[in-house]
There are 2 protein chains.
Amino acid sequence: MVATPVLNFELDAYATPRRQLIEQSLEQYTAICDPESLWQAMRYSLLSGGKRFRALLCLASAEAVEALKPGGLTAVEAAMPCACALEMIHAMSLIHDDLPCMDNDDFRRGKPTNHKVFGEAMALLAGDALLVLATEVLLRKTPPQVDRQCLIDVAAELARATGPEGMVGGQVSDSIATGLVKTVEAGNQEEAAGGHPPVQTAQLLESIHKRKTGALLRFATWSGARLMQANEDTLSAFASFGEVLGLAFQIADDLLDLTGDLQSLGKTPGKDQAAGKLTWVSIYGEEGSRRALADLESKGKALLSESGLPDSSTAALRGLLSFAIHRRS
Amino acid sequence: MVATPVLNFELDAYATPRRQLIEQSLEQYTAICDPESLWQAMRYSLLSGGKRFRALLCLASAEAVEALKPGGLTAVEAAMPCACALEMIHAMSLIHDDLPCMDNDDFRRGKPTNHKVFGEAMALLAGDALLVLATEVLLRKTPPQVDRQCLIDVAAELARATGPEGMVGGQVSDSIATGLVKTVEAGNQEEAAGGHPPVQTAQLLESIHKRKTGALLRFATWSGARLMQANEDTLSAFASFGEVLGLAFQIADDLLDLTGDLQSLGKTPGKDQAAGKLTWVSIYGEEGSRRALADLESKGKALLSESGLPDSSTAALRGLLSFAIHRRS
């Protein structure tokens, strides 16, 4: 059993004003231009709420470092374009994942999916557009006070975390495991999960999670610190913290599919289970998954202690980790 | 009638060795990693030949500027990652354009399209992956001697030329004009071309061409010069040259659909005409289109003269303009 977390830190008090700033910035970066219908489709998915978890992580990481280096540019000013770029890429991934040739979902967060409203062609192009707008916003809107090589590193790393080594690669492996796509050449090493013995299946699932969800969460915690020119120890601890948090986020998702209710989830629980999908719960069971979460929570907190920053600076990151693990939706 | 061009410049002698370097670099940037099947799908479209026209333009622009600034980094070394990024984005656009929800094409350059070989889901993801790999290659592989702010400007401009203001936006407007996508809200200003009077239709077509094909060609000629730190006069002349060339390229395409033969085109001629597609020829006729091409050729050459560079430095760019206009495929 996982103990209820005792938090001195008030996550809502931290997150609410920052979420407002994130929404304002996203709104500003996507003011409707020509072609109007494309911007409408982009905004429909980007501005439809959501927890803004990735953006908050990026800001919290930058702020953790700022506590040591007051003055000059604030962490929120330095990291906001990067935080918004993350939300654009997340929105794009949901649009493309929902398409008929992928998961073929009709609803997302209780609203019709992008292609149900705008059609498949427009949904495809709105996703493409959000993907490149993310890069443009990051490169053009990050204030000039941010070191130029830092910015180049962050933009290159965002591309890596999104591409074949990260989110898109994880999506491909997931699609292969669920039989959605088939490998073309005979003798290819990747096979549907059904063909793997249990240990290999667990490794495969962790590898999929690490890339499909984890790569962007790892990027979120690393990039905030990198933009503030954190030292190598902090960067390394924050990157590992993001990985741990990413895995915990996904295991919590799998548990919510088992135990959540329709109203708080905004989607039908039990869907993954009914579809026989490869999940943490299907391999380790409910109890095993809860134990894994407790371990990851300890590990994440230990990594923050190793970052070289005082506990007071990393309180928001600890709060976001606890949220990822104990959330109900 | 357009006069046969008299060229002292041997385009093949210029293009062939550079095409080999481009192919080598693309090969190197896409060495197969995990997931293998994703990289196979990416490479299938990226390494399937093609003229490498965008990449050559980028290199030729960088080399034109280098002629004034010998020593240090060569232009080809400075611009090759950018040239390859352009080819990746071009390949991605073809993969997504061919998808069933878009043009639903089964063949491209005489080979089955990406989704016919790898399936729709993989083709979608291979396109997404190429789009972000382009940014990663540009940012990570451009040599450190290139000024960091130049590199940031080039990467941001590549995103702009690809996104809603550029290629993707042009694709959306084209899809609206051909009725492939419909605008959602009543009272939206964009309508199918059938609803426009002739003058507005011509403006619409030019605006579509400018973004769908033109934005990346404009980027190609501008970026090569920007990476070599060309002055404002040269940058402005090269950007305008790229726009002119982009329009000429598209008009030549429309004429080839009318007059080309299957063997040299690698696709069925007359397809656009049979589909009643909005083309330059459908508005201005064959003779009017040829006149427009001749005007654009003069205009392009004049712009190069205004760039402040000696004619000997811009010979390759003039050669590529003539090629775009007089090519047979």
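Reading the values: the criteria
- Residues numbered from 1 in each chain as written.
- Chains lettered and ligands numbered in written order.
- Predicted model: local features only at pLDDT ≥ 70, side-chain atom pairs only at ≥ 80, totals over all residues.
- Heavy atoms only, no water.
- Helix = DSSP H or I, 4+ residues; strand = E, 2+ residues; numbered from the N terminus.
- Buried < 20%, exposed > 50% of the residue type's maximum accessible area, 1.4 Å probe, protein only.
- Contact = heavy atoms within 4.5 Å.
- Areas by Shrake-Rupley, 256 points an atom, 1.4 Å probe, with all protein chains shown as cover.
- Axes fitted to C-alpha atoms, helices over the stretch in contact; angles between N-to-C directions.
- Parallel < 35°, antiparallel > 145°, perpendicular 65-115°, else oblique.
- Nonpolar A, V, L, I, M, F, W, Y, C, P; charged D, E, K, R; others polar.
- Least-squares fit on C-alpha atoms with pLDDT ≥ 70 in both.
- Salt bridge = Lys/Arg side-chain N within 4 Å of Asp/Glu carboxyl O.
- Buried area = accessible area lost by both parts, 1.4 Å probe.
- Polar contact = N/O pair within 3.5 Å; in protein donor to acceptor, adjacent residues only side chain to side chain.
- Phe/Tyr/Trp six-rings, centres within 6.5 Å; stacked < 30°, edge-to-face > 60°.
- Left-handed = near helix turned anticlockwise from the far one by under 90°.
- Core = buried A, V, L, I, M, F, W, Y, C linked by side-chain atoms within 4.5 Å.
- Disulfide = S-S within 2.5 Å.
- Expected span 1.5 Å × (residues − 1).
- Arc of directions from axis to C-beta.

Concerning the overall build of chain A
Right, on to step 1. Secondary structure assignment for chain A yields 14 helices and 2 strands.
Right, on to step 2. Within chain A, the fraction of its 329 residues that count as buried is 58%.
Right, on to step 3. In chain A, the proportion of contacts linking residues at least 24 apart, taken out of those at least 6 apart, comes to 75%.
Right, on to step 4. A total accessible area of about 13,200 Å² is found for chain A, and carbon and sulfur atoms account for 50% of it.

Things to note about the packing of helix α13 (residues 280-305) of chain B against helix α14 (residues 315-326) of chain B
Residue and element names in this part refer to chain B.
Right, on to step 1. Packing of α13 against α14 leaves a shortest axis separation of 10 Å and a crossing angle of 170 degrees. When the interaxial angle is binned, α13 and α14 end up roughly antiparallel. Counted together, Leu-293, Glu-297, Gly-300, Lys-301 and Leu-304 of α13 and Leu-317, Arg-318, Leu-321, Ser-322, Ile-325 and His-326 of α14 form the full contact between these two elements.
Right, on to step 2. Class assignment of the residues belonging to the contact of α13 with α14 gives a composition of 5 nonpolar, 3 polar and 3 charged.

Regarding the relation of the copies chain B and chain A
Right, on to step 1. Mapping chain B onto chain A is achieved by rotating through 180 degrees and translating by 0.0 Å along the same axis, at an RMSD of 0.0 Å. Taken together, the turn and the small shift mark the pair as related by a two-fold rotation axis. Within chain B, Arg-148 of chain B has its C-alpha nearest the rotation axis, a separation of 3.1 Å.
Right, on to step 2. A shared binding surface is used by both copies, with 100% of the interface residues of chain B retained as interface residues in chain A.

Some details on the pattern of salt bridges
Right, on to step 1. Applying the stated criterion across every chain yields a total of 36 salt bridges over all chains.
Right, on to step 2. Note that Arg-43 of chain A and Glu-27 of chain A form a salt bridge whose closest N and O atoms lie 2.8 Å from each other. Of this pair, Arg-43 of chain A sits in helix α2 (residues 36-46) while Glu-27 of chain A sits in helix α1 (residues 11-29), and the two are 16 residues apart along the sequence.
Right, on to step 3. In this structure Arg-43 of chain A comes out as buried when scored by relative accessible area, which is 17%.
Right, on to step 4. Through salt bridges with shared partners, a single ionic network connects Glu-136 and Arg-140 of chain A together with Glu-157, Arg-160, Glu-165, Arg-218 and Glu-243 of chain B.

Notes on helix α8 (residues 167-177) of chain A
Residue and element names in this part refer to chain A.
Right, on to step 1. Counting buried positions along α8 yields 11 of 11 residues, so the element is predominantly enclosed.
Right, on to step 2. Taken together, the buried positions of α8 are Met-167, Val-168, Gly-169, Gly-170, Gln-171, Val-172, Ser-173, Asp-174, Ser-175, Ile-176 and Ala-177.
Right, on to step 3. Just past α8, the residue Gly-179 takes up positive phi, approximately 80 degrees.

Details of the interface of chain B and chain A
Right, on to step 1. Contacts between chain B and chain A engage 53 residues on the former and 54 residues on the latter.
Right, on to step 2. Buried area between chain B and chain A, summed over both chains or domains, comes out near 4,700 Å², and the portion from carbon and sulfur atoms is 71%.
Right, on to step 3. Across the contact surface, chain B and chain A share 4 salt bridges.
Right, on to step 4. Joining chain B to chain A, the criterion identifies 6 residue pairs in polar contact (both at pLDDT 80 or more).
Right, on to step 5. Taken together, the elements giving at least two residues each to the side of chain B that touches chain A come down to α2 (36-46), α4 (75-98), α5 (114-118), α6 (120-141), α7 (148-162) and α8 (167-177) of chain B.
Right, on to step 6. Tallying contributions element by element places α6 of chain B first for the side of chain B that touches chain A, with 13 residues.
Right, on to step 7. In terms of residue class, the side of chain B that touches chain A is made up of 29 nonpolar, 12 polar and 12 charged.

Topic: the packing of aromatic side chains
All names here are of chain A.
Right, on to step 1. Applying the stated criterion across every chain yields a total of 10 aromatic pairs over all chains.
Right, on to step 2. Arranged with centres 5.1 Å apart and planes meeting at 25 degrees, the rings of Phe-53 and Phe-249 form a pair that is stacked. Taken together, the residues Phe-53 in helix α3 (residues 53-66) and Phe-249 in helix α10 (residues 232-259) connect sequence positions 196 residues apart.
Right, on to step 3. Judged by relative accessible area, Phe-53 falls into the buried class, the value being 3%.

Comments concerning the environment of Val-76 of chain B
Residue and element names in this part refer to chain B.
Right, on to step 1. Assignment of secondary structure puts Val-76 in helix α4.
Right, on to step 2. A residue is classified by how much of its surface remains accessible, and Val-76, at 17% relative accessible area, is buried.
Right, on to step 3. With 24 residues separating them along the chain, Val-76 and Pro-100 place their C-alpha atoms 38 Å apart.
Right, on to step 4. In this view, Val-76 contacts Leu-21, Leu-59 and Glu-63; residues no more than four positions away in its chain are not counted.

Some words on the packing of helix α6 (residues 120-141) of chain A against α7 of chain B
A pair of packed helices is characterised by two quantities: the angle between their axes and the separation of those axes.
Right, on to step 1. At a minimum axis distance of 8 Å, the contact between α6 of chain A and α7 of chain B shows a crossing angle of 145 degrees. Crossing of α6 of chain A over α7 of chain B shows left-handed handedness. Residues Val-132, Thr-135, Glu-136, Leu-139 and Arg-140 of chain A of α6 of chain A form the contact with α7 of chain B, whose participating residues are Ile-152, Ala-155, Ala-156, Glu-157, Ala-159, Arg-160 and Thr-162 of chain B.
Right, on to step 2. Residue composition of the contact of α6 of chain A with α7 of chain B, by class: 6 nonpolar, 2 polar and 4 charged.

Remarks on the nonpolar core
Right, on to step 1. In terms of nonpolar packing, the biggest core is built from 222 residues, with Met-88 of chain A together with Met-88 of chain B touching the most fellow members.
Right, on to step 2. The residues contacting Met-88 of chain A, other than those within four sequence positions of it, are Leu-26, Tyr-29, Thr-30, Leu-46, Leu-130, Leu-133, Ala-134 and Val-137 of chain A.

Side note on the side chain of Glu-87 of chain A
Residue and element names in this part refer to chain A.
Right, on to step 1. Here Glu-87 lies in helix α4 (residues 75-98).
Right, on to step 2. We classify Glu-87 as buried; its relative accessible area is 4%.
Right, on to step 3. Ignoring any residue separated from it by four or fewer positions in sequence, one finds Glu-87 in contact with Leu-26, Leu-46, Arg-52, Phe-53, Arg-54 and Ala-55.

Description of the state of the cysteines
All names here are of chain A.
Right, on to step 1. Considering all chains together, one arrives at 0 disulfides over all chains under this definition.
Right, on to step 2. Summary of cysteine pairing: Cys-84 is not part of a disulfide, and the nearest cysteine sulfur, belonging to Cys-58, is at 9.2 Å.
Right, on to step 3. No disulfide involves Cys-150; its sulfur sits 11 Å from that of Cys-82, the nearest cysteine.
Right, on to step 4. Of the residues examined, Cys-150 reaches a relative accessible area of 2% and is grouped as buried.

A short note on the environment of Ser-45 of chain B
Residues and elements named next belong to chain B.
Right, on to step 1. In this fold, Ser-45 is placed in helix α2.
Right, on to step 2. Along the primary structure Ser-45 and Ala-126 are separated by 81 residues, whereas in three dimensions their C-alpha atoms are 9.2 Å apart.
Right, on to step 3. Discounting residues that sit within four places of it in the chain, Ser-45 has contacts with Ala-91, Ile-95, Arg-109 and Asn-114.

Looking at the side chain of Gln-171 of chain A
Right, on to step 1. Tracing the backbone through its elements, the reader meets Gln-171 of chain A in helix α8.
Right, on to step 2. Note on Gln-171 of chain A: relative accessible area 6%, which makes it buried.
Right, on to step 3. Contact partners of Gln-171 of chain A, with chain neighbours within four places excluded, come to Asp-97, Met-102 and Lys-212 of chain A together with Leu-125 of chain B.

Quick look at unusual backbone geometry
Residue and element names in this part refer to chain A.
Right, on to step 1. A cis geometry characterises the amide bond from Asp-34 onward to Pro-35, with omega recorded as -5 degrees.
Right, on to step 2. At Arg-109, a residue that is not glycine, the phi angle is positive and equals roughly 50 degrees.
Right, on to step 3. The residue Arg-109 is located in the loop between β1 (107-108) and β2 (111-112) in this model.

Overview of α1 of chain A
All names here are of chain A.
Right, on to step 1. Relative to the 27 Å expected for 19 residues at 1.5 Å per residue, α1 spans 26 Å between its end C-alpha atoms, a close match to the ideal helical length.
Right, on to step 2. All of the buried residues along α1 are Leu-11, Tyr-14, Ala-15, Arg-18, Ile-22, Ser-25, Leu-26 and Tyr-29. Take α1 and look down its axis: the buried residues cluster within an arc of 95 degrees, on one side only. Away from the buried face of α1 by more than 90 degrees, exposed residues Asp-12, Ala-13, Gln-24 and Gln-28 are located.
Right, on to step 3. Along its buried surface, α1 packs onto α2, α3, α4, α6 and α14 (315-326).

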